[in-house]
Amino acid sequence: MSKERTRNGQPRQSEGVRAFKRGLDVLQEVNRSGGIRAGDVARALDLPRPTVYRLLETLEELGYVARSASDDRFRVTRLALSLGDGYDPGVVICQAAAPFLAELSKTLVWPVDLSTYENAAMVVQETTHSRSPLSIDRGMIGKRLPMLRTSAGRAYLAACPARERDLIVSHLRRIDEADDRPFLERTRLDQMIAETQARGYATRSEGEYNPKTASIAVPIVRNGAVYGCISIIWIRSALGIEEAMAQFVSQLQETAAAIPVET
């Protein structure tokens, strides 16, 4: 039986094949982006929004994508590992942490970020900035945070194994960013690491990185490995560091300990 053909002689796709191709296109767009909203997928592929929403819901039901509880972005899951380089281990902790961050945002009105280490920086994977009425920076997903001038970077450096920390610091010295130089001074760096390890959390309170804000970060540690850091960010003029530590640290630490991590 001969197949139907289009005017240019190409085989005509059946409705099932066309729907399957659209599903693959949507999955590839999510995979390529690293995290994307349904409306952006529709625009990128020039598809009707209802079609994209339906396909994403199907992919989510099948376990190939997961929708973030904090910013409505879709990301590929472990099941999609074989689809290409778009899969990132950070996505796993991101999926696990999202509901915990959403719950945390109900009690901590200031925005909270989850970041993971990547190539001499901490990268924001999840955030409650879009939910917080006190946020001054909504576009945080994917933002790279310097290791030495943010609480997330300091928390990671203090909690990671000594060999990994030495490799990261050596990398930062090779990059040689001017703003990092004062913090790479050996005595100052050693003191920061020791103080952070003794406390179990890191602070940024003197206007470094962003003069308007301060932050506290706690690491997510399992069996000696650091899977990421949870940070809370607030406006410096609104809250002092001592008051912030008293209000936020215990809840951040409880959340970091509760997040399920595959070890």
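Here goes a summary of the coordinates provided. Quick caveat: nothing in here was measured; it's all calculated off a predicted structure.

1. Examining the nonpolar core
With 26 residues, the main nonpolar core has Ile216, Ile230, Ile232, Trp234, Phe248 and Leu252 as its most contacted residues. Secondary-structure elements contributing two or more residues to this core are helix H4 (89–107), strand S3 (112–117), strand S7 (213–222), strand S8 (225–235) and helix H9 (241–258). At 6 residues, the largest contribution of residues to this core is made by H9. Ignoring anything within four residues of it in the chain, the contact list for Ile232 reads Leu108, Trp110, Pro111, Val112, Ala214, Ser215, Ile216, Phe248 and Leu252. With 24 residues, the next largest nonpolar core counts Leu157, Ala158, Leu172 and Val226 among its residues.

2. Topic: the packing of helix H5 (residues 151–159) against helix H8 (residues 186–199)
The angle between the axes and the distance between the axes are what describe a pair of packed helices. For the pair H5 and H8, interaxial distance at closest approach is 9 Å and the crossing angle is 85°. It follows from the interaxial angle that H5 and H8 lie roughly perpendicular. Here H5 contributes Arg154, Ala155, Leu157 and Ala158 to the contact with H8, which in turn contributes Met192, Ile193, Thr196 and Gln197. Across the contact of H5 with H8, the residue classes tally to 5 nonpolar, 2 polar and 1 charged.

3. Points about unusual backbone geometry
Here Asp46, not a glycine, exhibits a phi torsion of approximately 55°, which is positive. By secondary structure assignment, the location of Asp46 is in the loop between helix H2 (38–45) and helix H3 (49–62). Since its relative accessible area comes to 69%, Asp46 is described here as exposed. Not every positive phi belongs to a glycine, and Asp176 is a case in point at roughly 55°. Here Asp176 lies in the loop between helix H6 (162–175) and helix H7 (181–184). Residue classification places Asp176 among the partly exposed residues on the basis of a relative accessible area of 36%.

Rules and cut-offs
Numbering of residues begins from 1 in every chain and follows the order in which that chain's sequence is written. Local features are withheld for residues below a pLDDT of 70 in this predicted model, meaning they are given only at 70 or higher, and side-chain atom pairs are given and counted only at 80 or more; totals for whole chains, interfaces and linings count all residues. Where side-chain values are given, they derive from all heavy atoms of the structure, hydrogens and water being excluded. Take the buried residues of types Ala, Val, Leu, Ile, Met, Phe, Trp, Tyr and Cys, join any two whose side-chain atoms come within 4.5 Å, and each joined set is a nonpolar core. Using a 1.4 Å probe on the protein chains alone, a residue whose accessible area is under 20% of its type maximum counts as buried, one over 50% counts as exposed, and one in between counts as partly exposed. Put simply, DSSP marks the helices as runs of H or I at least four residues long and the strands as runs of E at least two long, and each gets a number from the N terminus on. Whether two residues are in contact is decided by their heavy atoms, any of which lying within 4.5 Å being enough. Axis definition: a line fit to C-alpha positions, over the contact stretch in the case of helices; interaxial angles, taken between N-to-C directions, run 0 to 180 degrees. In what follows, roughly perpendicular refers to angles from 65 to 115 degrees, roughly parallel to angles under 35, roughly antiparallel to angles over 145, and oblique to any angle outside these ranges. Polarity classes work like this: nonpolar for Ala, Val, Leu, Ile, Met, Phe, Trp, Tyr, Cys and Pro, charged for Asp, Glu, Lys and Arg, and polar for all others, with Gly in that last group.

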